[in-house]
Amino acid sequence: MIAIDKYDIIKLFAKIFNSLGISAYLVGGAVRDLLLDINPLDFDFVGEIDEQRHFDVAREISQRLNCSYDYNKNYHTAKFNYRGNDIDFVMARKEYYDGIAAKPRVYSSCLFDDLKRRDYTVNSMAVSLDQSRGCEIIDPFNGRNDLENKIIKVLHDKSFRDDPTRVFRGIKYAGRFGFNFDEETSDLIVDCVNNNYISYLRAERIKQEIFNILAEASSIKSFDFIEKYNILDKLIKSNVKINLDINKQIFNKLDNNRKLVVLLYKNDLETLNKIKSVLNLGNSIIEYSYKLKDIGKVLNSNDKDVYTYIFKNQNNIDERIVSTIFYKDTRLQNYFKYRGKIKIDKKRLSYVDKTQIEELILNKKLSMFNIYLSGGNKDDEF
Ligand code: CTP
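One numbering rule holds for all chains: residues counted from 1, following each sequence as written. Where local features are concerned, this predicted model is filtered to residues with pLDDT of at least 70; where side-chain atom pairs are given and counted, the filter is 80 or more; whole-chain, interface and lining totals use all residues. Just so you know, side-chain values use all the structure's heavy atoms and leave hydrogens and water out.

Before going further, it helps to spend a moment on the site of the ligand. As a structural note, the neighbourhood of the ligand is formed by 15 residues, with Arg-32, Asp-119, Asp-163, Tyr-173 and Arg-176 the closest of them. Within the side chain of Arg-169, an N or O atom sits 3.0 Å from an oxygen atom of the ligand. Whenever two N or O atoms come within 3.5 Å, that pair is a polar contact, provided that in protein one can donate a hydrogen and the other can accept it, and provided that, for residues adjacent in sequence, both atoms are side-chain atoms. Lys-172 is positioned such that a nitrogen or oxygen atom in its side chain is 3.1 Å from an oxygen atom of the ligand. Protein contact buries 80% of the 570 Å² of open area that the ligand shows by itself. We count a stretch as a helix when DSSP gives it H or I for four or more residues in a row; a strand needs E for two or more, and each element gets its number in order from the N terminus. Those elements giving two or more residues to the shell around the ligand turn out to be helix H2 (29-35), strand E2 (42-47) and helix H7 (165-177). Here the element with the most residues in the shell around the ligand is H7; it accounts for six residues. Any residue that is not Ala, Val, Leu, Ile, Met, Phe, Trp, Tyr, Cys, Pro, Asp, Glu, Lys or Arg is counted as polar, Gly included; the first ten are nonpolar and the last four charged. In the shell around the ligand, the residues fall into one nonpolar, four polar and 10 charged. Nearness of a residue to a molecule or strand requires only that one of the residue's heavy atoms be within 4 Å of it. Accessibility throughout is a Shrake-Rupley quantity obtained with a 1.4 Å probe, and a residue counts as covered only by protein chains that appear here.

Turning our attention to the pairing of strand E1 (residues 24-27). To sort residues, take the accessible area from a 1.4 Å probe on protein chains only and compare it with the maximum for the residue type: under 20% means buried, over 50% means exposed, and anything in between is partly exposed. Neither face of E1 is left uncovered, since the one carrying Ala-24 and Leu-26 and the one carrying Tyr-25 and Val-27 both have all their residues buried. For two strands to be treated as a pair, DSSP must find at least two bridges joining them. As defined by bridge partners, E1 adjoins E2 across four bridges and the pair is classed as antiparallel. Across the sheet, the residue bridging to Tyr-25 is Val-46, located in E2. Strand direction decides the pairing type here: E1 and strand E8 (residues 126-128), joined by three bridges, are antiparallel. Residue Tyr-25 lies in a different strand from E8, and its bridge partner there is Ser-128.

Right, dumping it as structure tokens:
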């Protein structure tokens, strides 16, 4: 049994499906999340109906809810956004893949086939929306067991060949839930990476999957897996350095492009250019990486050089990226903390908040002020 009653959206769709006499099910991530006691982000429903009926029912739902929808005639999927909820209603299907990462041929079928075509056992459970079946969980591949054992497991050994995006999806779930891959699935990931199945995907697709991972609060854990399985190295065909020594709290507040810069800036120009082209990125990853390497070099020199550099380049320093990477450098932290309150007027130091600066000096928190006020070289240019 599973608590679907507290979700009005599930009850509403169940009511519509029941009134139309359709065998329909809640499937995929929402079932997994409910079993984990997590509020689902979106809802996927499957109906055991043919192509034409699916088309008609999608239109009927749209009319009843007075809600627009996107319909895909090739895949028989209908996407609704109803009162802020993302809802997918799809025709139960059997899928055939004719090649690596090929688009599947899709045929109307039963729930079992529909669960069997999915990525992982934990995503291959369903709950019947037929009231007489009382919210029973349909779990032909023991997903519930794997959920309890924190295991990510594919349903068959062609899974990554059919759809290599599943590697990224699995890594996303492993990071998000703190799960691990079962041994056979882990071997299949190695096989997928070594056979370069991922390179059969379009750059935009790979980028999207990586961005989906980056959007997760646990993306750093997922990047441990990306590193462990040498995914970027194989894709780029060179040794990719991933910088994981970062301040995670600040990292999580960055946008995805900045997160990528933080993770990859240590690579040389050739590697960065390859990453840029394979992931279809803009030029900013290269520009930012150069600046960050410069800052890294300056931070190895003395305090005065560091402050001089910061003041000269302050308009080009992205505070959040820099403090994510160089989070251990107290000079930078002090600078960012009092940024805006300190002004350099040609050769003289002036400040906005006198009391605060005096307090800083007293507490010896800002060595730059110490240098200046204890007779540092006043001819230095800023
Ligand atoms: N699915 C799949 N293979 C894919 C994409 C999706 O098998 N390449 C199936 C999975 O059963 C998945 C469901 O379709 O649970 C819905 O896809 P999606 O919304 O992307 O997955 P969620 O598990 O809901 O992911 P999230 O929690 O990140 O929203």
